[in-house]
Amino acid sequence: MEDQFEHVVYSKNVIEFVTVANEFCLLLESSSKVSKVEFVETAQKLLPLLYLKACMLPKNENELEEEVEKFVTESDWEFIHSSVKNKMGAHNEFLEVFENDMEYSDTPLVASISENFADIYQDLKDFITSYKIGTVEVMNDALWDLNNHFYEYWGQKLVNSLRAMHKLAADKINLDDESELDADSNIDNIDMSGSIFSQRKREWGEDNE
């Protein structure tokens, strides 16, 4: 058992990353319960910390032949996307410069914080869930996946979103002036029966809470 806890998945840097990643996921899952100002300010603090902790993750090799199970469903992704879009309102979209298609475009490319956050959430939540319920081999391969996806995909989305969040904070925009886009975000109509949230509730006996 002691040898098991010497494994890279239990290293200080991995545990610290899990802690920060979990805080970021909780922020997105509960975005409807906080003000826009609080959401922006918290995200502004968590994003650079998340990037730093991801850069410090140890490199490893995968051990299993089959792919690690994915837990975040399409309805989970859509729930996070709609929640963040609803929270950000008119401040959700921003001009993008770090896109492969940018050099071929005659017009500015527009990205959205809600889509970036939902994509980041998907990788983080899949990893956190594997880390919490998996064996050491599963945790190891989930870490391997996360490292690859960070450099290939969601790391760029993170820094792009931080740029947008920084501009909102630096320009001192009054985020309280705008009402949230309840009509545009059909959060209540998303089928969450097959989601990771419902699955965890059933497994942990929390259906009646």
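Predicted, not measured: the structure shown is a model, and the values here were computed from it.

(A) Local environment of the packing of aromatic side chains. In this structure the tally under the stated criterion is eight aromatic pairs. Plain terms: the ring middles of Tyr51 and Phe150 are 5.3 Å apart, the flat faces sit at 55 degrees to each other, and that makes the pair tilted. Taken together, the positions of Tyr51 in helix α2 (residues 36-55) and Phe150 in helix α5 (residues 136-170) put the pair 99 residues apart, joining distant regions of the chain. Classification of Phe150 as buried rests on a relative accessible area of 4%. Taken together, the ring pairs connect Phe17, Tyr51, Phe127, Tyr131, Phe150, Tyr151 and Trp154 into an aromatic cluster.

(B) Seen up close, the environment of Lys85. With respect to the helices and strands, the residue Lys85 is situated in helix α3 (residues 74-88). Separated by 32 residues in sequence, Lys85 and Phe117 have C-alpha atoms that sit 9.7 Å apart.

(C) View of the confidence of the model for the chain. For the chain, mean pLDDT is 85; residues scoring 70 or higher make up 75% of the total. Per-residue pLDDT stays below 50 along residues 179-185; that stretch engages in nine contacts with residues further than four places along the chain or on separate chains.

Conventions adopted
Residues numbered from 1 in each chain as written. Predicted model: local features only at pLDDT ≥ 70, side-chain atom pairs only at ≥ 80, totals over all residues. Heavy atoms only, no water. Phe/Tyr/Trp six-rings, centres within 6.5 Å; stacked < 30°, edge-to-face > 60°. Helix = DSSP H or I, 4+ residues; strand = E, 2+ residues; numbered from the N terminus. Buried < 20%, exposed > 50% of the residue type's maximum accessible area, 1.4 Å probe, protein only. pLDDT = per-residue confidence, 0-100. Contact = heavy atoms within 4.5 Å.

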